[in-house]
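The lines below spell out each chain.
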Amino acid sequence: TIFSKMGVGGQYPIHTDASFLGHYSMTTFLSNPEDYDGGELQLYLNGSIKSFKLERGRCIIYHTGTPHAVSKVTRGERLVGVNP
């Protein structure tokens, strides 16, 4: 697990996780969504962007080759655990 702490101005550009790490990746949200603005996980699926900002303790699992990004945090701090 990689723990990511992202403050105001933090973001991740679109990327894919390395396929040798496995078939699936998982992001677990560790902050309450009302504690920060922005910071949505953006999955690029079937030609469109699906944004996710889940409650603390919830996770999302997606195919490792799925292009994804994190939008810019504009307030507070985003904490997540990532299992690529």
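Refer to the structure printed above.
Residues numbered from 1 in each chain as written. Predicted model: local features only at pLDDT ≥ 70, side-chain atom pairs only at ≥ 80, totals over all residues. Heavy atoms only, no water.

### Some words on the sheet that holds strand β2 (residues 12-15)
Here comes step 1: Ordered in space as β2-β8-β5-β6, the four strands form an open sheet in which the pairing is antiparallel. A single partner strand is all that each edge strand has here, and the edge strands are β2 and β6 (48-52). Strand-to-strand twist of the sheet, defined as the mean angle between neighbouring strand axes without regard to direction, takes the value 20°.
Here comes step 2: Sheet topology places strand β5 (residues 41-45) next to β6; five bridges connect them, and they run antiparallel. Bridge pairing in β6 links L45 to S48. (Pairing = 2+ DSSP bridges. Helix = DSSP H or I, 4+ residues; strand = E, 2+ residues; numbered from the N terminus. Axes fitted to C-alpha atoms, helices over the stretch in contact; angles between N-to-C directions.)

### Here's the deal with the sheet that holds strand β10 (residues 78-83)
Here comes step 1: Pairing is antiparallel in the open sheet, where four strands are placed in the order β1-β10-β3-β7. Lying at the two open borders of the sheet, with one neighbouring strand each, are β1 (2-6) and β7 (59-63). Strand-to-strand twist across the sheet, computed as the mean angle between neighbouring axes with direction ignored, equals 20°.
Here comes step 2: Summarising the sheet, strand β3 (residues 24-29) and β7 pair through five bridges and their orientation is antiparallel. Paired with T27 across the bridge in β7 is I60.

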